[in-house]
Amino acid sequence: MTTLDRILEGTPLDESTWIEVGDFCAWLSVERHWVASLVEAGVLEPRGAAPESWSFPASDLQRVRATARLVHDLDVNLAGAAVILDLLEERRRLTRRLAMLERLIEE
């Protein structure tokens, strides 16, 4: 079953779902050169050796949308967007960990 078939059937995309670069660009309505600049800035980390064979985890769709908002709405450069996104992900991870530890203490 292709990734597109999974989406059309309403199957959630998770970390195990990888999207080829052409589909990735099409779903986001962006050009490949912009995706390449996101890779260069450290916003995305593709799987694959050459740009034409790259694929990205489905979770990166949201990361690119957030990057676009930072760049267009707040005039943040790509390097700054990469740092902001990494910090937000770290904050989410730490918040989840804190919640888990609080549950352990309550038990």
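Residues numbered from 1 in each chain as written. Predicted model: local features only at pLDDT ≥ 70, side-chain atom pairs only at ≥ 80, totals over all residues. Heavy atoms only, no water.

(A) Quick look at the packing of helix α2 (residues 21–28) against helix α4 (residues 59–74). The geometry of α2 relative to α4 is characterised by a closest axis approach of 11 Å and an angle of 45° between their N-to-C directions. Between α2 and α4, the angle is such that the two are oblique. Seen from above, α2 lies across α4 with right-handed handedness. For the pair α2 and α4, the contacting residues are Phe24, Trp27 and Leu28 in the first and Asp60, Leu61, Val64 and Arg65 in the second. (Axes fitted to C-alpha atoms, helices over the stretch in contact; angles between N-to-C directions. Helix = DSSP H or I, 4+ residues; strand = E, 2+ residues; numbered from the N terminus. Parallel < 35°, antiparallel > 145°, perpendicular 65-115°, else oblique. Left-handed = near helix turned anticlockwise from the far one by under 90°. Contact = heavy atoms within 4.5 Å.)

(B) Layout of α4. The end-to-end C-alpha distance of α4 is 22 Å, a good match for the 22 Å that 16 residues give at a rise of 1.5 Å each. Along α4, the residues that are buried comprise Asp60, Leu61, Arg63, Val64, Ala66, Thr67, Leu70 and Val71. Check the buried side of α4 and you find it contacts β1 (18–20), α2, α3 (32–41), β2 (55–57) and α5 (78–106). One or two positions beyond α4, positive phi appears at aspartate 75, with a value near 60°. (Expected span 1.5 Å × (residues − 1). Buried < 20%, exposed > 50% of the residue type's maximum accessible area, 1.4 Å probe, protein only.)

(C) Examining the nonpolar core more closely. Of all hydrophobic cores here, the largest spans 22 residues; its most connected members are Phe24, Val35, Leu38, Val43, Leu44, Phe56 and Val64. Where this core is concerned, the elements lending two or more residues are α2, α3, α4 and α5. Residues in contact with phenylalanine 56, not counting those within four places in the same chain, are Thr17, Trp18, Ile19, Val21, Phe24, Val35, Val39, Leu44 and Pro46. (Core = buried A, V, L, I, M, F, W, Y, C linked by side-chain atoms within 4.5 Å.)

(D) Layout of the packing of α4 against α5. For the pair α4 and α5, the least separation of the axes is 10 Å and the interaxial angle reads 125°. Judged on the interaxial angle alone, α5 and α4 are oblique. As α4 runs across α5, the sense of the crossing is right-handed. Across the interface between the two elements, Arg63, Ala66, Thr67, Leu70 and Val71 from α4 touch Leu78, Ala81, Ala82, Ile84, Leu85, Asp86 and Glu89 from α5. Classifying every residue of the contact of α4 with α5 gives eight nonpolar, one polar and three charged. (Nonpolar A, V, L, I, M, F, W, Y, C, P; charged D, E, K, R; others polar.)

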